[in-house]
Amino acid sequence: MLLANLVEGMTIGSLYALMALGLSLVYGILRVLDIANAGAYTLGAYVGVLTWRLTSSWWLALLAGAAVASGLGWLLQRHLYVPILASGPIVPLIASIGVFTALEEAYRLLFGPYILKLPARIPLPTVRIAGTVVSGVQLLVLMVAVAAFAGIALLLDRTRTGLAWRATAQDRETAEAMGIDVGAVTGRIFLLGYALAAAAGVLVAIHYNAVSPTMGDMPAYKMLAIIVLGGLGSPFGTVAASLLIGLVETFVAAYVGFLLPRDAIAFAALILILLLRPQGLFARGVAAR
Amino acid sequence: MPLLEVEGVTVRFRGLTAVEDVSFQVEEGEFVAIIGPNGAGKTTLFNVIAGSQRPSRGRVRLGGRIITGLSPAEVSRLGVGRTFQIARPFGSLTVRENILLAAGREQLGRAWASLRLRHHDRAAARATELLLRRTGLEAVAEKRASELNVGELRRLEIARAMAGRPRLLLLDEPAAGLGVDGILPLRGIIGDLRGQGVTVLLVEHHVGFALSLADRVVVLDQGRVIAVGLPDQIRRDPRVIRAYLGEEEQELEPAPAPPAGEAPGPREGGRAEGVGGLA
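Residues numbered from 1 in each chain as written. Chains lettered and ligands numbered in written order. Predicted model: local features only at pLDDT ≥ 70, side-chain atom pairs only at ≥ 80, totals over all residues. Heavy atoms only, no water.

1. Structural notes on the overall build of chain B
And step 1. Within chain B, the secondary structure is distributed over 10 helices and 10 strands.
And step 2. Counting the 279 residues in chain B, one finds 56% classified as buried.
And step 3. Pairs at least 24 residues apart make up 68% of the contacts formed inside chain B by residues separated by at least 6 positions.
And step 4. Put simply, chain B shows about 11800 Å² of open surface, and 50% of that area lies on carbon and sulfur atoms. (Helix = DSSP H or I, 4+ residues; strand = E, 2+ residues; numbered from the N terminus. Buried < 20%, exposed > 50% of the residue type's maximum accessible area, 1.4 Å probe, protein only. Contact = heavy atoms within 4.5 Å. Areas by Shrake-Rupley, 256 points an atom, 1.4 Å probe, with all protein chains shown as cover.)

2. Considerations on the overall build of chain A
And step 1. Within chain A, the secondary structure is distributed over 11 helices and 2 strands.
And step 2. Along the chain direction, N to C, the helices and strands of chain A fall in the order α-α-α-α-β-β-α-α-α-α-α-α-α.
And step 3. Against the globule reference of 19 Å for 289 residues, chain A gives a C-alpha radius of gyration of 18 Å, in line with a compact fold.
And step 4. Overall, chain A is about 60 × 45 × 35 Å in size when its C-alpha atoms are taken along their principal axes.
And step 5. Going through the 289 residues of chain A one by one, you find that 55% of them count as buried.
And step 6. Of the contacts formed within chain A by residues at least 6 apart in sequence, a portion of 78% connects residues at least 24 apart. (Rg over C-alpha atoms; globule rule 2.2 N^0.38 Å.)

3. Looking at the pattern of salt bridges
All names here are of chain B.
And step 1. For the structure on display, the rule yields 20 salt bridges over all chains.
And step 2. Across the pair Lys-42 and Glu-173 runs a salt bridge whose closest N-O atoms are separated by 4.0 Å. Separated by 131 residues along the polypeptide, Lys-42 in helix H1 (residues 42–50) and Glu-173 in the loop between strand E7 (168–172) and helix H7 (180–195) bring together distant segments of the chain. The same class applies to Lys-42 as to Glu-173, namely buried. (Salt bridge = Lys/Arg side-chain N within 4 Å of Asp/Glu carboxyl O.)

4. Examining unusual backbone geometry
And step 1. With a phi angle near 55 degrees, A:Asn209 is a residue other than glycine that sits in the positive phi range.
And step 2. Tracing the backbone shows A:Asn209 in the loop between helix H8 (182–208) and helix H9 (217–229).
And step 3. A positive phi angle is found at B:Arg165, which is not glycine, with a value near 45 degrees.
And step 4. Relative to the assigned elements, B:Arg165 resides in the loop between helix H6 (150–163) and E7.

5. With respect to the nonpolar core
And step 1. Core analysis: the biggest nonpolar cluster contains 136 residues, and A:Tyr194, B:Leu101 and B:Ile190 have the highest contact counts within it.
And step 2. With 15 residues, the top contributor of residues to this core is H8(A).
And step 3. With 30 residues, the next largest nonpolar core counts B:Leu4, B:Ala18, B:Phe24 and B:Leu220 among its residues. (Core = buried A, V, L, I, M, F, W, Y, C linked by side-chain atoms within 4.5 Å.)

6. Quick word on helix H6 (residues 160–170) of chain A
And step 1. Burial runs high along H6(A): 10 of the 11 residues are buried.
And step 2. Residues of H6(A) that are buried include every one of A:Arg160, A:Thr161, A:Gly162, A:Leu163, A:Ala164, A:Trp165, A:Arg166, A:Ala167, A:Thr168 and A:Ala169, and no others.

7. Things to note about the side chain of B:Asp215
And step 1. By secondary structure assignment, the location of B:Asp215 is in the loop between helix H8 (207–213) and strand E9 (216–221).
And step 2. Here B:Arg194 takes part through its side chain, which lies 2.7 Å from a polar atom of the side chain of B:Asp215. (Polar contact = N/O pair within 3.5 Å; in protein donor to acceptor, adjacent residues only side chain to side chain.)

8. Description of the layout of surface pockets
All names here are of chain A.
And step 1. Put simply, the second largest pocket is a space of about 300 Å³.
And step 2. The set of elements that each furnish at least two residues to the lining of the second largest pocket consists of helix H1 (2–30), H8, H9 and helix H11 (262–276).
And step 3. Ranked by residues supplied to the lining of the second largest pocket, first place goes to H1 with 4 residues.
And step 4. Here the lining of the second largest pocket is built from residues that sort into 10 nonpolar, 1 polar and 4 charged. (1 Å grid on protein atoms, 1.4 Å probe; cavity = no way out; pocket = protein on both sides within 12 Å on 5 of 7 lines; lining within 4 Å. Points joined across faces, edges and corners; volume = space filled by probe spheres on them. Nonpolar A, V, L, I, M, F, W, Y, C, P; charged D, E, K, R; others polar.)

9. Some points on the packing of aromatic side chains
And step 1. Applying the stated rule across the entire model yields 5 aromatic pairs over all chains.
And step 2. Clustering of aromatic rings is evident, with ring pairs tying together A:Tyr46, A:Tyr107 and A:Phe111.
And step 3. Sitting over the ring of B:Phe84, B:Arg82 keeps its end group 4.3 Å from the ring centre.
And step 4. Looking at B:Arg160, its charged tip hangs above the ring of B:Phe90, at a distance of 5.1 Å from the centre. (Phe/Tyr/Trp six-rings, centres within 6.5 Å; stacked < 30°, edge-to-face > 60°. Lys NZ or Arg CZ within 6 Å of the ring centre and 35° of its normal.)

10. Quick word on the pairing of strand E4 (residues 57–62) of chain B
Residues and elements named next belong to chain B.
And step 1. Pairing of strand E1 (residues 4–13) with E4 involves 5 bridges; the strand directions are antiparallel. Its bridge partner lying in E4, Thr-10 is registered against Arg-57.
And step 2. In terms of strand pairing, E4 meets strand E5 (residues 65–66) through 2 bridges, oriented antiparallel. Counted as the bridge partner of Leu-62 is Arg-65 from E5.
And step 3. In textbook terms, the turn of a hairpin is the stretch between consecutive antiparallel strands, and for E4 and E5 this stretch comprises 2 residues, one of which, Gly-63, has a positive phi near 55 degrees. (Pairing = 2+ DSSP bridges.)

11. Some details on the sheet that holds strand E3 (residues 31–35) of chain B
Residues and elements named next belong to chain B.
And step 1. Across the sheet, which stays open at both edges, the 6 strands sit in the order E6-E7-E8-E3-E9-E10 with mixed pairing between neighbours. Single-partner strands in this sheet number two, and they are strand E6 (80–82) and strand E10 (224–229). Taken over all neighbouring pairs, the strand axes of this sheet differ in orientation by 20 degrees on average, direction set aside.
And step 2. Note that E3 and strand E8 (residues 199–204) share 5 bridges and pair parallel. (Axes fitted to C-alpha atoms, helices over the stretch in contact; angles between N-to-C directions.)

12. What about helix H5 (residues 122–134) of chain B?
And step 1. Given a rise of 1.5 Å per residue, 13 residues ought to cover 18 Å, and the 18 Å separating the end C-alpha atoms of H5(B) matches this to within 8%.
And step 2. The set of residues buried in H5(B) consists of B:Ala124, B:Thr128, B:Leu131 and B:Leu132. Buried residues in H5(B), looked at end-on, bunch into an arc of 105 degrees, giving them a common side. Along H5(B), the residues that are exposed and aim more than 90 degrees away from the buried face are B:Arg122 and B:Arg126.
And step 3. Along its buried surface, H5(B) packs onto H6 of chain A together with helix H3 (95–103) and H6 of chain B.
And step 4. At the exit of H5(B) stands B:Gly136, carrying a positive phi of roughly 65 degrees. (Expected span 1.5 Å × (residues − 1). Arc of directions from axis to C-beta.)

13. What about the sheet that holds E5(B)?
And step 1. Here 4 strands make up an open sheet; going across it, the order is E2-E1-E4-E5 (chain B) and the pairing antiparallel. Each end of this open sheet is capped by a strand with a single partner; those strands are strand E2 (16–26) and E5 of chain B.

14. As for the confidence of the model for chain A
And step 1. Overall, the prediction assigns chain A a mean pLDDT of 90, with 97% of residues at 70 or greater.
And step 2. Within the model, the stretch residues 284–289 of chain A combines pLDDT values under 50 with 26 contacts to residues more than four positions away or in other chains. (pLDDT = per-residue confidence, 0-100.)

15. A short note on the packing of H6(A) against H3(B)
And step 1. For the pair H6(A) and H3(B), interaxial distance at closest approach is 10 Å and the crossing angle is 110 degrees. One element, H6(A), and the other, H3(B), form an angle in the roughly perpendicular class. Mapping the contact onto sequence places A:Arg160, A:Leu163, A:Ala164, A:Arg166 and A:Ala167 in H6(A) and B:Glu97, B:Leu100 and B:Leu101 in H3(B).
And step 2. Across the contact of H6(A) with H3(B), the residue classes tally to 5 nonpolar, no polar and 3 charged. (Parallel < 35°, antiparallel > 145°, perpendicular 65-115°, else oblique.)

Here you go:
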């Protein structure tokens, strides 16, 4: 029971981390809280369903979902966020809420208000560890998440691109004076950020076997709280905060879940932690990792 | 052909004219200083050259090519490196990372090349080591830039600007806020640049510091060029002395503090040989 909750908590936390990382990277580079990122999560899930129906392939579903959402992210930054960036942080925030709402309505019109299923078969065995069953889907989520985190850590820490991203996040103007193409940096970060959210969407769709137009509602708010908890813009803090919330809500729901629904527990925990540490758990910048 | 040509540049902010009809040229390999009292328009002029300020009138050419209207990143990629008056390092990156970032910037435009692991880029790593040594920053190479003192920050600014192997280096008041012990090593580093064949345009408030380094001096006052000439001509120019009177005449006195240890008059390198002291 304990171990089963641990595995499920890590799985949920990893999904949160995939989503929140995208949001956190985008925040780091533009200082915009991009609610529409949760729209990419839902978009990924729908593209995943369609791709799976056509090909019966879970990994093509994952790839297609991420690719289409990347495109959305690139278009949004290029034609919406960057042009209105000069008007201060509130304007892009409101624009992103508008985009998120519009996307939800678009999904509802295109796919109907129903729950679609994504019963993809994952070619991973069900593993038994110390009497606990770890499902193939859980394994897949954990593997994708670990690969993504390792890849991003390597990118930020060890490559020149990562150096340029961190520099741009810290001081756009100086980065520009040094010849860094900040427009291209911003574009690439949105490509990655939206791909991560969409990957989370496809994995959630497989995990719960359900996709609906409003599935992004709860993540939209929860991710905001998580990146604040993780210290706004710090990728390491974001992952840590995501795992923490995943674990807390799973454990509390398992033991005292009859009192409160799961999401309420997550938010109660977030409020409690932020009351104690208003600056977040890891208050550093994206550049500070 | 001169490397840099500034032609009739005027910058107006609302009612205020910060720079008015300024023209001058910088030859390849030359070391030119722009001096002038506070508010003379030095930094504004600098920003026009670097692309971060659009002039109201006039234009700037680099190697014959008009660069007015280009973005700072584009100007930088054409070979103009700059430092900032207020040092702006990437504070959470280490000193080495700050330089390395600039050292391999030609790759930043190419997505895949820049995804290679950093330590595989030997050329950039070598250039970085060399600059760390030249600017005396080896000992603090692994420190975060936010932990440096003012003197080290200035040197990092120069190392970072040099890392891009600029055709033209713009130095914006590198000596500002430094004491004598900070200025001395800085002077050595900037003096060495000449030996490396770098073309330098220095903006400086510290007159003594600028005159001791430059081949040629452009004097700005209230946005206009009031004198151009060799350092020793400038020292004696009555218009220049008048422009500085009341504000910082002490800087035109003999043996100014900045180039400490160096007697006014014959400068190292032997240029302006035999010319006497200050006016």
